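# Descriptive structure summary
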Amino acid sequence: MSLQILSVPSPPRSGPAAARVVGNALDAACATRVGTPPVARGEIDVVLDLRHAGRRALTLRYERFGDATLPTVFVAGGISADRHVAASAALPGRGWWDAQCGDGKALDPRRHSVLAFDWLGADGCLDVPLDPADQADAIAALLDALRVERLQAFIGCSYGAMVGLQFAAAHSDRLARLVAISGCHRSHPHASAWRALQRRAVALGALQCDDSHGLALARQLAILSYRTPAEFDRRFEAATVVGDRVRVGAEDYLDHCGATFANRFAPTAFVRLSESIDLQALNPESIRVPVTVVAVADDRLVPVSDAVELAERLRGDTRLHILQSLYGHDAFLKEGPAISAILSEALAGQEVAA
């Protein structure tokens, strides 16, 4: 194992589940202007043996940006991310990672076929415990259906990095390189405790017949774990008296975040995917593919110490980047140039190796 630390902060399973494709819905090719990269959406019916819920018939919903004959890069974000990674001429709605995917960007659909899917359970219809390894097996089943033998790279952020590690462990023959950003081989107990309280907020909302309010409160608690005290100190003013109560500077921002999330996410989906993060348990020594590990010095959910441990225990060629960011766990969304440089380096290395 060769470990390279490329940037440093200032001082302060059981066997893989069986997967079977039972139906392959054809790509819904979206109309594009002449000369623009093609975009396709589709659904794949599969049968998976879930680790905690047995055999299930499931539907995988994916989006592919770029010609299917180009090297495939699978992209996965946090539990709130979906298959729409970036806006395109065919699907102009905002993507969750527009900063990194598009013409001339690190994930360029003229050079890569960018593939993503909706997480198992994201529609709120699968109310069972979901292991990150289940998601990895679902991705393998999707690749089977799309006849993608091997990924040029798997790029995972947050929960997506956890799933990427599971994929690298169970399906190493199908992966050239993993980029794991702000996600590790385990869930830190402190982060798990934070998420447990968020799930209790959802449960409290349900008891009050107010699912939306409970989910909004859970999201607000989550936001506090994603960002840093330094950012809040810079952005928000001190508390003021409004009417007969005290209102702190960040409340409007948190209210907006909570309401926006509750309007587009199902409480069941949030609970089950939140639980899934806490189920992450992986032996890093089982991974022998090249891995780029990216950590953030002020990440309150994924401590740098866990990232360093992961990098030291991986058995393949390993590179470790440690970033400084005001945005903590959300750095992969906010630190565009730094993340772009890391992605470009990782993908260029695979292009040379190929």
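The shown structure was predicted, so the numbers you read here are calculated from the model rather than taken from an experiment. Per chain, residues are indexed from 1 in the order of the written sequence. Residues qualify for local features only when their pLDDT is at least 70, as the model is predicted, and side-chain atom pairs are given and counted only at 80 or more; totals for whole chains, interfaces and linings, by contrast, use all residues. The basis for every side-chain value is the complete set of heavy atoms in the structure, and neither hydrogens nor water enter the calculation.

To continue, consider the overall build of the chain. Strands here mean DSSP runs of E at least two residues long; helices mean DSSP runs of H or I at least four residues long; both are numbered from the N terminus. Scanning the chain from terminus to terminus reveals 10 helices and 13 strands. Residue burial is assigned from relative accessible area. The probe radius is 1.4 Å, only protein chains are included, and a residue is buried under 20% of its type maximum, exposed over 50%, and partly exposed in between. Taken over 354 residues, the chain has a buried fraction of 53%. Approximately 15,300 Å² of the chain is accessible, and the part contributed by carbon and sulfur atoms is 52%. Per-residue and other accessible areas were derived by the Shrake-Rupley procedure at a 1.4 Å probe size, with only the shown protein chains allowed to occlude residues.

Only protein atoms enter the calculation, which uses a 1 Å grid: trapped sets of points that fit a 1.4 Å probe without letting it out are cavities, open sets showing protein on both sides within 12 Å along at least five of seven lines are pockets, and any residue with an atom within 4 Å of a point is a lining residue. Grid points are joined across faces, edges and corners, and a volume is the space filled by probe spheres set on the points. Roughly 1,200 Å³ of internal volume is contained in the largest pocket. In terms of lining, the largest pocket is formed by 47 residues, of which the most central are Ser80, Arg219, Arg264, Asp330 and Leu333. Within the residue set of the lining of the largest pocket, elements represented by two or more residues are helix H2 (159-170), helix H3 (189-207), helix H4 (211-226), helix H6 (251-264), helix H7 (267-278) and helix H9 (331-334). Per-element tally for the lining of the largest pocket: the top contributor is H6, with six residues. Where each domain starts and ends comes from a domain assignment, either automatic or drawn from a database. Each of domain 1 (3-185 + 281-347) and domain 2 (189-277) gives at least three residues to the lining of the largest pocket. Approximately 380 Å³ is the volume found for the second largest pocket. Along its surface, the second largest pocket is lined by 23 residues, and Asp118, Trp119, Gly121, Ala122 and Asp123 are the ones closest to its centre.

Our focus in this paragraph is H3. Here the expected span of a helix is defined as 1.5 Å times the quantity of residues minus one. If you check H3, its first and last C-alpha atoms are 27 Å apart, about what 19 residues at 1.5 Å a residue would give, namely 27 Å. The inward-facing, buried residues of H3 contact H4 and H7. Trailing H3 by a residue or two, Cys209 shows a phi angle of about 55°, which is positive. By definition, residues are in contact when any of their heavy atoms lie within 4.5 Å.

Every angle, taken between N-to-C directions, lies between 0 and 180 degrees, and every axis is a line fitted to C-alpha atoms, over only the stretch in contact when it is a helix. At their nearest, the axes of H4 and H6 sit 8 Å apart, and the two run at 125° to each other. For the element pair H4 / H6, the angle class is oblique. Once H4 is placed against H6, the crossing between them reads as right-handed. Together, Ser212, Leu215, Ala216, Arg219, Gln220, Ile223 and Leu224 of H4 and Tyr253, Leu254, Asp255, Cys257, Gly258, Ala259, Phe261 and Ala262 of H6 make up the contact between the two elements. Three classes are used: nonpolar for Ala, Val, Leu, Ile, Met, Phe, Trp, Tyr, Cys and Pro, charged for Asp, Glu, Lys and Arg, and polar for all others, with Gly counted as polar. Residues belonging to the contact of H4 with H6 are distributed by class as follows: 10 nonpolar, three polar and two charged. Geometric relationships in this document are graded by angle, where less than 35 degrees denotes roughly parallel, more than 145 denotes roughly antiparallel, 65 to 115 denotes roughly perpendicular, and other angles denote oblique. Working rule for handedness: look at the near helix, and if it is turned counterclockwise from the far one by less than a right angle, call the crossing left-handed; if clockwise, right-handed.

Their axes nearest at 10 Å, the elements H3 and H7 cross at an angle of 165°. If you check the angle between H3 and H7, you find them roughly antiparallel. H3 and H7 meet at a crossing whose hand is left-handed. Residue-level contacts link Ser192, Arg195, Gln198, Arg199 and Val202 of H3 to Pro267, Phe270, Val271, Ser274, Glu275, Ile277 and Asp278 of H7. In terms of residue class, the contact of H3 with H7 is made up of five nonpolar, three polar and four charged.

Before going further, it helps to examine the packing of aromatic side chains. What characterises a pair of aromatic rings is the spacing of the ring centres plus the angle enclosed by the ring planes. Aromatic rings from Phe, Tyr and Trp, with only the six-membered ring used for Trp, were paired whenever their centres fell within 6.5 Å, and each pair was classed as stacked if the ring planes differed by under 30 degrees, edge-to-face if by over 60, and tilted otherwise. What the rule picks out here adds up to 11 aromatic pairs. With a centroid separation of 6.2 Å and 75° between ring planes, the pair formed by Phe232 and Tyr253 is classed as edge-to-face. Here Phe232 is found in helix H5 (residues 229-235), whereas its partner Tyr253 is found in helix H6, with 21 residues between them in sequence. On the basis of relative accessible area, Phe232 is assigned to the buried category, the value being 16%. Tyr253 gets classed as buried once you look at its relative accessible area, which sits at 16%. Ring plane angle 80° and centroid distance 5.9 Å describe the contact between Phe261 and Phe270, whose orientation is recorded as edge-to-face. Judged by its relative accessible area of 1%, Phe270 is buried.

Here we come to the pattern of salt bridges. Salt bridges, as used here, are contacts in which a Lys or Arg side-chain nitrogen is within 4 Å of a carboxyl oxygen on Asp or Glu. On inspection of all chains with the given rule, the structure shows 25 salt bridges. A salt bridge links Arg199 to Asp278; its shortest N-O distance comes to 2.9 Å. Taken together, the residues Arg199 in helix H3 and Asp278 in helix H7 connect sequence positions 79 residues apart. Because the salt bridges share partners, they merge into one network encompassing Arg245, Arg247, Glu251, Asp252 and Asp255.

Quick look at the side chain of Arg177 now. Within the element layout of this structure, Arg177 appears in the loop between H2 and strand S9 (178-181). Only 3.2 Å separates the side chain of Arg177 from the side chain of Asp317, close enough to count as a polar contact. The definition of a polar contact used here is a pair of N or O atoms within 3.5 Å, where within protein one atom must be able to donate a hydrogen and the other to accept one, and adjacent residues in sequence count solely through side-chain atom pairs.

Moving on: the side chain of Asp299. Here Asp299 lies in the loop between strand S12 (291-296) and helix H8 (304-313). The buried charged residue Asp299 lacks any salt bridge partner; its closest oppositely charged side chain belongs to Arg300, at an N-O distance of 8.0 Å. Engagement of the side chain of Asp299 in a polar contact is seen with the backbone nitrogen of Leu301, the distance being 2.8 Å. Only 3.1 Å separates the side chain of Asp299 from the backbone nitrogen of Val302, close enough to count as a polar contact. A positive count includes Lys and Arg, and a negative count includes Asp and Glu. His and the chain ends are not counted in either.

By the alternation rule, side chains of S9 split into Leu178 and Ala180 and Val179 and Ile181, which are all buried. Note on pairing: DSSP must find at least two bridges between two strands before they are called paired. By the bridge criterion, four bridges tie strand S8 (residues 153-157) to S9 in an arrangement that is parallel. Within the sheet, the bridge partner assigned to Ile155 lies in S9 and is Val179. In this region the chain leaves S8, passes through H2 and returns to the parallel neighbour S9; the handedness of that crossover is right-handed. Whether a crossover is right-handed depends on one test, that the path from the first strand over the helix to the second runs clockwise when the strands point away from the viewer.

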